[in-house]
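Residue-level structural notes
As a plain string of letters, each chain reads:
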Amino acid sequence: MRSGIGGEFPVAYKRRQARRRPPARWGRTQRGAGMKERPILFSGPMVRAILEGRKTMTRRVVKLRHGADVVVVNGQVWKPARVDYAGYVDCPYGQPGDRLWVRETLRAKDGFMVYAADDGRIDCDGLDWPACIEPRKTIVSIHMPRWASRLTLEITGVRVERLQGISAADAQAEGLDFVPDGAAAHGIKGLATSWSNDPRKSYRALWESINGPGSWEANPWVWVVEFKLVGNGGVA
């Protein structure tokens, strides 16, 4: 029921509805003993790459706590800065066996919530969710609730390396499109500057389109998180 004040939903109501249990068709993947599950954001092109099997890894900048310059991965100590370290940083995305649920952008359209990446749909019929009721409502990825996530990834490997240490094979596994007969075979559709015969150059363009000019030259330490798709259900 709508509030009588300007037709808006009360904040408390919105919070309750965002946390409500989904219908049976949106059942969560059962989690194993000791396994952790975390959200992760992906852009539309990267969601499509995951769906098409082109993306099996992601690189994220290592963010060190103040006074810390050590990264611990699978019990191994990584020292990206200097030896006289002051603390530890664990991978915020998890370890092999943990799972990541993908957050992506949605928009309301004609009685459905539509995934912006590829027009996959959630039928709003029977869903008492404010976003389904407000026409032309857009839910940016950071605000996607867990139950609306259609993609679940299982981490298969975690390591730390310099950004520019990426190999050609890994650059391709980051989700690049491949056109074997093209003058520039590797790139991302919709990102003209990314097309090249060198996958590393294509990935550089992709990285800078996300992280800004100069971010490749900065050559930060990055988490390399490898994964496999284990859940993709409930989408019309």
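Refer to the structure presented above.
Heads up: these notes are all about the structure in this document. The residue numbering used here restarts from 1 in each chain and proceeds along that chain's sequence as written. Two thresholds apply to this predicted model, a pLDDT of at least 70 for residue-level local features and 80 or more for giving and counting side-chain atom pairs, whereas whole-chain, interface and lining totals are computed over all residues. Think of the side-chain values as coming from all heavy atoms in the structure, minus any hydrogens and water.

1. Quick look at the pairing of strand β8 (residues 112–115)
With 4 bridges connecting them, strand β7 (residues 106–109) and β8 associate as antiparallel partners. Note on β8: the bridge partner recorded for Arg107 is Val114. Two successive antiparallel strands, β7 and β8, enclose a turn made up of 2 residues, where Asp110 displays a positive phi of approximately 50°. For two strands to be treated as a pair, DSSP must find at least two bridges joining them. Put simply, DSSP H or I for four residues or longer makes a helix, DSSP E for two residues or longer makes a strand, and each gets a number counted from the N terminus. Judged from the 3 bridges that link them, β8 and strand β9 (residues 121–123) form a sheet pairing that is antiparallel. Looking across to β9, one finds that Met113 is bridged to Ile122.

2. Structural notes on the packing of aromatic side chains
The description of an aromatic ring pair rests on the distance of the ring centres and on the angle between the ring planes. For this analysis, a ring pair means two rings from Phe, Tyr or Trp (six-membered ring only for Trp) whose centres lie within 6.5 Å, classed as stacked if their planes differ by under 30 degrees, edge-to-face if by over 60, and tilted for the remaining angles. Taken as a whole, this structure holds 3 aromatic pairs when the rule is applied. Here Tyr203 and Trp216 contribute two aromatic rings whose centre-to-centre distance is 6.5 Å and whose plane-to-plane angle is 70°, an arrangement assigned as edge-to-face. Taken as a pair, Tyr203 in helix α5 (residues 199–211) and Trp216 in the loop between α5 and β15 (221–232) lie far apart in primary sequence, 13 residues in all. Neither residue differs from the other here; Tyr203 and Trp216 are each classed as buried. Site record: aromatic cluster; members linked through ring pairs are Tyr203, Trp207 and Trp216. It is Arg121 that lies over the ring of Phe112; its NZ or CZ is 5.1 Å from the centre. When the ring centre of Tyr115 is taken as reference, the NZ or CZ atom of Arg150 above it lies at 4.0 Å. Burial classification: accessible surface area is computed with a 1.4 Å probe over protein chains only, and a residue below 20% of its type maximum counts as buried, one above 50% as exposed, and the rest as partly exposed. Criterion for a charge above a ring: Arg CZ or Lys NZ at most 6 Å from the ring centre, at most 35 degrees from the ring normal.

3. Some remarks on unusual backbone geometry
Notably, Asp110 is not glycine yet its phi reads approximately 50°, a positive angle. Along the chain, Asp110 falls in the loop between β7 and β8. In this structure, Asn219 takes a positive phi of about 50° despite not being glycine. Structurally, Asn219 is set in the loop between α5 and β15.

4. Description of the layout of surface pockets
There is about 320 Å³ of room inside the largest pocket. Surrounding the largest pocket, 17 residues form its lining, Arg59, Arg60, Trp207, Ile210 and Asn211 being those nearest its centre. Among the elements of the structure, β2 (57–61) and α5 are those that each provide at least two residues to the lining of the largest pocket. The biggest single contributor to the lining of the largest pocket is α5, with 5 residues. For the lining of the largest pocket, the residue count by class is 9 nonpolar, 3 polar and 5 charged. Here a cavity denotes a set of grid points, spaced 1 Å apart and computed over the protein atoms alone, in which a 1.4 Å probe fits but from which it cannot get out, and a pocket denotes an open set meeting protein on both sides within 12 Å along at least five of seven lines; residues with an atom within 4 Å of a point are reported as lining. Grid points are joined across faces, edges and corners, and a volume is the space filled by probe spheres set on the points. We call Asp, Glu, Lys and Arg charged. Ala, Val, Leu, Ile, Met, Phe, Trp, Tyr, Cys and Pro are nonpolar, and the rest, Gly among them, are polar.

5. Some remarks on α5
A helix is expected to span 1.5 Å multiplied by its residue count minus one. The end-to-end C-alpha separation of α5 is 18 Å, in line with the 18 Å expected for 13 residues at 1.5 Å each. Taken residue by residue, α5 has Pro199, Ser202, Tyr203, Ala205, Leu206 and Trp207 as its buried positions. The criterion used for residue contact is that any of the two residues' heavy atoms lie within 4.5 Å. Close packing links the buried residues of α5 with α2 (44–51), β2, α4 (168–173), β13 (186–188), β14 (191–196) and β15. Pairs of N or O atoms within 3.5 Å make up the polar contacts considered here, provided that, within protein, one atom can donate a hydrogen while the other can accept it, and that residues adjacent in sequence are counted only when both atoms are side-chain atoms. Its side-chain oxygen 2.9 Å from the backbone nitrogen of Arg200, Asp198 forms the N-cap of α5. Count one or two residues on from α5 and you reach Gly212, which has phi positive near 100°.

6. Things to note about the sheet that holds β13
One open sheet holds the 3 strands; their spatial order is β12-β13-β14, and the pairing between them is antiparallel. The open sheet has two free edges, formed respectively by β12 (177–178) and β14, since each of these has just one partner strand. The sheet contact formed by β12 and β13 spans 2 bridges and is antiparallel. Among the inter-strand pairings, Asp177 is bridged to a residue of β13, identified as Gly187. The convention used is that axes are lines fitted to C-alpha atoms, helices contributing only their stretch in contact, and that angles between N-to-C directions extend from 0 to 180 degrees. The strands that α5 touches are β13 and β14; relative to β14, the one it contacts most, it runs at about 155°.

7. Quick notes on the environment of Asp69
By the secondary structure assignment, Asp69 is in the loop between β2 and β3 (71–73). Separated by 19 residues in the primary sequence, Asp69 and Tyr88 have C-alpha atoms spaced 7.0 Å apart.

8. Focus: the pairing of strand β6 (residues 99–103)
Remember that side chains alternate between the two faces of the sheet whenever the strand is regular. Of all 5 residues in β6, 5 are buried, a share of seventy percent or more. Side chains of β6 alternate between two faces, with Arg99, Trp101 and Arg103 and Leu100 and Val102 buried alike. Strand direction decides the pairing type here: strand β1 (residues 37–41) and β6, joined by 5 bridges, are parallel. What sits directly across from Ile40, in β6, is Val102. As paired elements, β6 and strand β11 (residues 151–162) share 3 bridges and run antiparallel to each other. Bridge pairing in β11 places Leu100 opposite Leu153.

These figures capture arrangement, not role.
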